[in-house]
Amino acid sequence: MKSTSRRTGWGSMRESVSCLLPFVPRHSIVSSGLAALKRNLKRLVGQSKLSEGKHQEALPAAQFCLRCSIDLHGPSTVQMVPAYLLLAEANMGLGNLARVAELLSQAEWAVLKSPECGHAVRHRLHRSLGRLHTATGNLEAALLNFADDIYFASEEYSLDSTVTCGGYFLMADVFTKQGKMPIARSLYSQVAHTWHCHLTKLLKTHVQNGQNPNMLLESSYDKAQLVEVDEMLKTMLEFEQNDSRKDSTQVALVAHCLAMLWFLGGDSLKALGFGSTALQASQLIPNHDLTEPIQGLLQLVQNLQTESHPGSD
């Protein structure tokens, strides 16, 4: 949505429909196709709660989504996989790893029985399996699944996609746990360059079109994605800042990513903070090619603050 009023309207409609749907008889829901609508609404609710870290609150919506999907498609069809993955994610956040393993096993079986299953579904499945194995300490299995995740994501979205580089980030986390810092550092660098290229393009579009930052970001990301990218980039920034061999070039690159992300998200204070960190790091390197773009971004932030408070000095 590109405006607060439209988001509010959709939110109100979703709540109203969610309130009304429980009173529709079960057989009528399934036969009329209303079950699919309710399932999708519940999936939205579940995903929204997960994005806020409210895994317990996401559980009922995810459970209903699974039940409704079984009614519509049967228990072992590939159409069930998104519901299995949603419920698995909710349980993962609650530490119910045995339940997560059960759900992902069912999802994996459904995919194995469906050779026509798309790359996007396979990538999501392997990413979830990789996260499960990471949580249980089976790091080699986690790496294998993240490798499959990257392969299928690259087939669906391209190798330099921000979706694909999420697999690289998770793989780097595993190598960090194994103490293989040079490999982790190399993967983090690849992730940072992918996101820097992507955010630079978004920022360029913003400057050319003179759009409101909130409108531009909301055309590309939802709240869950914004939070996820922020956490990922901050993890990489802390990795570099805490490293005894601190790489000022990488610090500048990642901090610049965070500054662009939050500028486009409409948070000028965060953009200013990360932008200042990026500028300090870039100035440690003579003739660094990011210094000028970082200074330009800081100027944009200051202009935004001036426009928001025209009477201040």
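All values derive from a computational prediction rather than experimental measurement. (Residues numbered from 1 in each chain as written. Predicted model: local features only at pLDDT ≥ 70, side-chain atom pairs only at ≥ 80, totals over all residues. Heavy atoms only, no water.)

With respect to the helices, strands and loops of the structure, Thr162 is situated in helix H9 (residues 162-177). If sequence neighbours within four positions are ignored, Thr162 has contacts with Thr194, Trp195 and His198. (Helix = DSSP H or I, 4+ residues; strand = E, 2+ residues; numbered from the N terminus. Contact = heavy atoms within 4.5 Å.)

The end-to-end C-alpha distance of helix H4 (residues 55-73), which contains 19 residues, comes to 26 Å, matching closely the 27 Å that a straight helix rising 1.5 Å per residue would cover. Looking only at H4, the buried set comprises Ala58, Leu59, Ala61, Ala62, Phe64, Cys65, Leu66, Cys68 and Ser69. Taken from the residues just after H4, Gly74 is the one with a positive phi, measuring 95°. (Expected span 1.5 Å × (residues − 1). Buried < 20%, exposed > 50% of the residue type's maximum accessible area, 1.4 Å probe, protein only.)

This paragraph deals with the packing of helix H10 (residues 181-209) against helix H13 (residues 248-264). H13 packs onto H10 with a crossing angle of 40° between their chain directions and a minimal axis gap of 9 Å. Our classification of the angle between H10 and H13 gives oblique. Crossing geometry of H10 relative to H13 is assigned as left-handed. Along its contact with H10, which presents Tyr188, Ser189, Ala192, His193, Trp195, His196, Leu199, Thr200, Leu202, Leu203 and His206, the element H13 presents Gln250, Leu253, Val254, His256, Cys257, Met260, Leu261, Phe263 and Leu264. For the contact of H10 with H13, the class distribution of residues is 13 nonpolar, seven polar and no charged. (Axes fitted to C-alpha atoms, helices over the stretch in contact; angles between N-to-C directions. Parallel < 35°, antiparallel > 145°, perpendicular 65-115°, else oblique. Left-handed = near helix turned anticlockwise from the far one by under 90°. Nonpolar A, V, L, I, M, F, W, Y, C, P; charged D, E, K, R; others polar.)

With that settled, the discussion passes to the environment of Tyr84. Along the chain, Tyr84 turns up in helix H5 (residues 81-93). For the pair Tyr84 and Gln106, spaced 22 residues apart in sequence, the C-alpha to C-alpha distance is 7.6 Å. Leaving out residues up to four positions away in the same chain, Tyr84 has contacts with Leu66, Pro75, Leu103, Gln106 and Ala107.

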